[in-house]
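# Per-entry structural report
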Amino acid sequence: MAHALSHENEMPLSASQLDAYLARVGIDRPVSLDIAGLSKLHRAHLMAFTWEALDAFMGWPSTITPASAFAKMVEGRRGGWCYEMNGLFGAALSAHGFRVSRLCGGVDREKLGDIAIGNHLTLRVDLDRPYLAEVGVADAIIEPVPLAVGPISQRGFDFAITQTQDGWLRFNNHPQGIAHSFDFRADYSDENAMVATQGWLMQDAGSPFTNALAMLRHTADGYIALQNDSLRSVTPNSVREQRITSADHLADTFETLFGLDVPGPERVWEKIQAVSRDKIA
């Protein structure tokens, strides 16, 4: 089952693109090619970009390539989901000179089985040792961690990397995380599986993202999460929830809380209401 680690979609950013990326995340050169530099970029990326699956929810076009993620997230004022968040971050790291490998993962593989493989892109960065760089889950780690089995604690949230019975590694999110876990292997990449699964997640009626708006962003002490009209603010010790009540309220939430320039927020609100009506029916 092992696939050679692919570099097909791993083209680094150009020098001018890297400058634009660094300006977008608020980081000045130079960035050291060590764990301190990697951690600085990892945290800055998560504080600058919102994880969002708006394209899948609205039926807007999206591709898996870092080039399209750059256009959308850096040149546009948007966020992205795992393929885009980790894809763009990996391309930026490669442009810096980090050794990056794109790994093919499976969110909720513990429940879904191998059909989940390809529904997640994660990153391995090789420094003094291999590290897991993960900006594509959005409510998980804010800094990279050693790619090794063991417990993880960051900012009061507890995570862990464990080994499955069939030899995969499993990243276990904190108990309140939306994605409970994802499985991956340190030497496994399958770009074709990720492209195929991305297409399914974008278009199929059975995809969790075509039937629900999902959006998350890290804050100073936790994160905020929007699922349809429910907005949660989560810290290690608290969860506060409020309802979005109108198209104007949604547009203001996109702008002020998530830092997004979303075209036609009233159409997004109409879709959220339609989804709610369908659930009631």
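See above for the structure.
In this text the structure is predicted, and so the values were computed from the model without any measurement. Residue numbers run consecutively from 1 along every chain, following the written order of its sequence. Note on the predicted model: pLDDT of at least 70 is required for a residue's local features to be given, and 80 or more for side-chain atom pairs to be given and counted; whole-chain, interface and lining totals, by contrast, use all residues. Values shown for side chains rest on all heavy atoms present in the structure; no hydrogens or waters enter the calculation.

Further remarks concern the environment of K111. Where helices and strands are cited, they refer to DSSP runs of H or I of at least four residues and of E of at least two residues respectively, numbered from the N terminus. If you trace the backbone, K111 turns up in helix α6 (residues 109-112). Linking K111 and H180, residues 69 residues apart in sequence, is a C-alpha distance of 10.0 Å.

Bringing the environment of V239 into the picture now. Mapped onto the elements, V239 comes out in strand β13 (residues 238-243). Note on exposure labels: buried denotes an accessible area under 20% of the residue type's maximum, exposed denotes more than 50%, and partly exposed covers the range between, all computed with a 1.4 Å probe on protein chains only. Note on V239: relative accessible area 39%, which makes it partly exposed. For the pair formed by V239 and A36, sequence separation is 203 residues and the distance between their alpha carbons is 31 Å.

Now for the packing of aromatic side chains. For Phe, Tyr and Trp, rings pair up if their centres lie within 6.5 Å, where Trp contributes its six-membered ring, and each pair is then called stacked (planes under 30 degrees apart), edge-to-face (over 60) or tilted (otherwise). Across all of its chains, the model carries 9 aromatic pairs by this definition. On the basis of an interplanar angle of 40° and a centroid distance of 6.2 Å, the ring pair of F157 and Y223 is categorised as tilted. Within this pair, whereas F157 is found in strand β7 (residues 157-163), its partner Y223 is found in strand β11 (residues 223-227), the two being separated by 66 residues in sequence. Judged by relative accessible area, which is 1%, Y223 ranks as buried. Judged by centre distance (5.2 Å) and plane angle (20°), the rings of F171 and F182 are stacked.

Attention shifts here to the packing of helix α8 (residues 247-256) against helix α9 (residues 265-280). In this analysis an axis means a line fitted to C-alpha atoms, helices contributing only their contacting stretch, and an angle means the value between N-to-C directions, from 0 to 180 degrees. At a minimum axis distance of 9 Å, the contact between α8 and α9 shows a crossing angle of 115°. In the crossing of α8 with α9, the sense of the turn from one axis to the other is right-handed. When α8 is examined against α9, the residues A247, L250, A251 and F254 are found in contact with a partner set consisting of P265, E266, V268, W269 and I272. Broken down by class, the residue content of the contact of α8 with α9 amounts to 8 nonpolar, no polar and 1 charged. By definition, turning the near helix anticlockwise from the far helix through less than a right angle yields a left-handed crossing, and turning it clockwise yields a right-handed one. Two residues qualify as a contact provided that any one of their heavy atoms is within 4.5 Å of a heavy atom in the partner residue. Classification convention: Asp, Glu, Lys, Arg as charged; Ala, Val, Leu, Ile, Met, Phe, Trp, Tyr, Cys, Pro as nonpolar; all other residues, Gly among them, as polar.

Here we come to the sheet that holds strand β9 (residues 181-184). Two strands form a pair only when DSSP identifies at least two bridges running between them. In space, the 8 strands of this open sheet follow the order β5-β4-β3-β2-β9-β8-β7-β6, with antiparallel pairing throughout. The sheet terminates laterally at β5 (145-146) and β6 (150-154), the two strands that pair on one side only. Here strand β4 (residues 130-133) pairs with β5 via 2 bridges, running antiparallel. The residue of β5 that forms the bridge with Y131 is P146. This element, helix α7 (residues 191-203), spans β2 (99-107) and β3 (120-126) of the sheet and lies at about 50° to β2.

The α-helix winds at 3.6 residues per turn, so residues separated by three or four positions along the chain end up facing the same way. Turning to α8, its buried residues number three or more, namely L250, T253 and F254. What you see down the axis of α8 is that its buried residues fit within an arc of 100°, all on one side. Turned more than 90 degrees off the buried face of α8, the exposed positions are D248 and T256. On its buried face, α8 is in contact with β10 (214-218), β11, β12 (230-235) and α9. In this description, one arc is meant: the one made by directions from the helix axis to the C-beta atoms.

What follows is about the pattern of salt bridges. For this document, the term salt bridge refers to a Lys or Arg side-chain nitrogen within 4 Å of an Asp or Glu carboxyl oxygen. Considering all chains together, one arrives at 17 salt bridges under this definition. Where D126 meets R124, a salt bridge forms, and the shortest distance between an N and an O atom there is 2.9 Å. Accessibility assignment for this pair places D126 and R124 in one class, buried.

Along the chain, H45 turns up in helix α2 (residues 35-48). Leave out the neighbours within four places in its chain, and H45 touches Y21, V25, M73, M85, L88, F89 and V135.

Now for α9. In this scheme, a helix's expected span is set at 1.5 Å multiplied by one less than its residue total. The terminal C-alpha atoms of α9 lie 23 Å apart, and with 16 residues this matches the ideal 22 Å at 1.5 Å per residue to within 8%. All of the buried residues in α9 are P265, V268, W269, I272 and V275. Taken around the axis of α9, the buried residues stretch over an arc of 120°, which confines them to a single face. Of the exposed residues in α9, those oriented more than 90 degrees away from the buried face are R277 and D278.

Time to look at the sheet that holds β10. Strand order in the open sheet made by the 5 strands is β1-β10-β11-β12-β13, with antiparallel pairing throughout. Looking at the sheet topology across the chains shown, the edges are occupied by β1 (51-52) and β13.

Take the packing of helix α1 (residues 15-25) against helix α4 (residues 66-75) next. Relative to each other, α1 and α4 sit at 40°, their axes nearing to 10 Å. Overall, the two elements α1 and α4 adopt an arrangement that is oblique. The handedness of the crossing between α1 and α4 is left-handed. Facing Q17, A20, Y21 and R24 of α1, the residues of α4 in contact are F70, M73 and V74. Looking at side-chain class alone, the contact of α1 with α4 contains 5 nonpolar, 1 polar and 1 charged residues. Throughout, the term roughly parallel applies to angles under 35 degrees, roughly antiparallel to angles over 145, roughly perpendicular to angles from 65 to 115, and oblique to all others.

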